[in-house]
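Next come the chains, spelled out residue by residue.
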Amino acid sequence: MAEVQRFVNTVCSHAWLGQIAKLKKVDYLDNREYIIHALLLVSGNNSSHPVSFILLGIPGLENAQFWIAFLFCVMYVVAVVGNITILHIIRMDHTLHQPMYLFLSMLAITDLVLTSSTQPKMLAILWFHAHETGYHACLIQVFFIHAFASVESGVLMAMALDRYVAICFPLRHSSILTSSVVVKLGAVVMVRGLLLVSPFCFMISRMPFCPNRIIPQSYCEHMAVLKLLCADTRVNRGYGLFVAFSVVGFDILIISISYVMILRAVLQLPSGEALFKAFGTCVSHICVILAFYIPALFTFLTHRFGHHVPRVVHIMFANVYLLVPPMLNPIIYGVRTNQIRDRVIRVCCGKDT
């Protein structure tokens, strides 16, 4: 109840002091009902489109939220610093202006957008109890989360194609994956994500909301917002499944085919050293793929089918899905890629010219 009391006290500092003062005299059965009544009184959400939503943070771990936020903050800082470092090194070193590193730059930019669209607000919720978020801000967050998750999946697919061409057609790699082709691939991946996810927000904005404006999560996610609609959401859910399966299904298929062809080519190499070197060029990419798709698939499946999974587990994995891959990607590539690792060492030692 202390968490709820702090939220109500925060709201009381605004123009609705008189209404909340009356509300605080009522003895409610649980925190959720208390918050819902507070929200309905103070937010003016009595139209088909709400003025705002309330993000609860991590329900079930209210007493630990303040300390969990420190861990999330460290992970966010590592993600931001790591990805900015990758971008800086690739921009400054002209020898890294190759398809593999251009795709890595796209991945770093996508990770920065993906984490920054959720983590600052989440930290504000967990540390400063800034639970309220505007209606349009919530829909914008839905758009950025799902659009750039789609873009990240597409970039990983493009990186798999780059590894396929580099290993199976090493002499023609530079002629097949020219800078123009790389830019076009990146543009297609970006446009695909933006176009496929845009209908999410449009379809939501055309439907009425129920009086309940509570989102038991630390950010606005498509399925969580759908649960607040007072209308038939089968079309929305069906389209969401179509986007998820068409994007992730297609990308995983291309990645799988690429690595099957890579495996066939590698196993035909006569030298064990060449075999090891070829596998080594793919290790970083495989680790990044696993770090992205495993938590993403777990979150997707539990949101729709895992009704018996504790809500706190789902919420924690939803945060891991958007935070861990952007944090690990620059670390994995920094450790596994000699050019990036050597450049970082030179910068840290003050030997960079």
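If you're wondering where the values come from, they're calculated on a predicted model, not measured in any experiment.

Draft legend 1. Spatial organisation of the UniProt feature "transmembrane region" (unreviewed entry) in the protein. On the UniProt side, "transmembrane region" (unreviewed entry) is annotated at positions that read residues 34-58, 64-89, 101-119, 139-161, 181-205, 239-262, 274-294 and 314-335 here. Its end C-alpha atoms 37 Å apart, residues 181-205 is made of 100% helix and 0% strand. Along residues 239-262, the helical share is 100% and the strand share 0%, with 34 Å between the first and last C-alpha atoms.

Draft legend 2. Here's a closer look at the nonpolar core. Within the largest apolar cluster, 85 residues are counted, with the highest numbers of intra-cluster contacts made by Phe72, Leu104 and Ile215. A per-element tally of this core places helix H7 (residues 135-168) first, with 17 residues. If sequence neighbours within four positions are ignored, Leu104 has contacts with Ile86, Ile90, Met159, Tyr333 and Ile340.

Draft legend 3. View of the pattern of salt bridges. Following the criterion strictly, the structure yields four salt bridges and no others. Close ionic contact of Asp93 with Arg343 constitutes a salt bridge, the shortest N to O distance being 3.5 Å. In this pair, Asp93 is assigned in the loop between helix H4 (65-92) and helix H5 (99-116) and Arg343 in helix H14 (residues 338-348), connecting sequence segments 250 residues apart. As far as burial versus exposure is concerned, Asp93 and Arg343 are alike and both buried. Asp162 is paired through a salt bridge with Arg163; the nearest N and O atoms lie 2.8 Å apart. Note on Arg163: relative accessible area 9%, which makes it buried.

Rules used in this analysis
- Residues numbered from 1 in each chain as written.
- Predicted model: local features only at pLDDT ≥ 70, side-chain atom pairs only at ≥ 80, totals over all residues.
- Heavy atoms only, no water.
- UniProt positions renumbered as here; feature names shortened; annotations may be inferred.
- Helix = DSSP H or I, 4+ residues; strand = E, 2+ residues; numbered from the N terminus.
- Core = buried A, V, L, I, M, F, W, Y, C linked by side-chain atoms within 4.5 Å.
- Buried < 20%, exposed > 50% of the residue type's maximum accessible area, 1.4 Å probe, protein only.
- Contact = heavy atoms within 4.5 Å.
- Salt bridge = Lys/Arg side-chain N within 4 Å of Asp/Glu carboxyl O.

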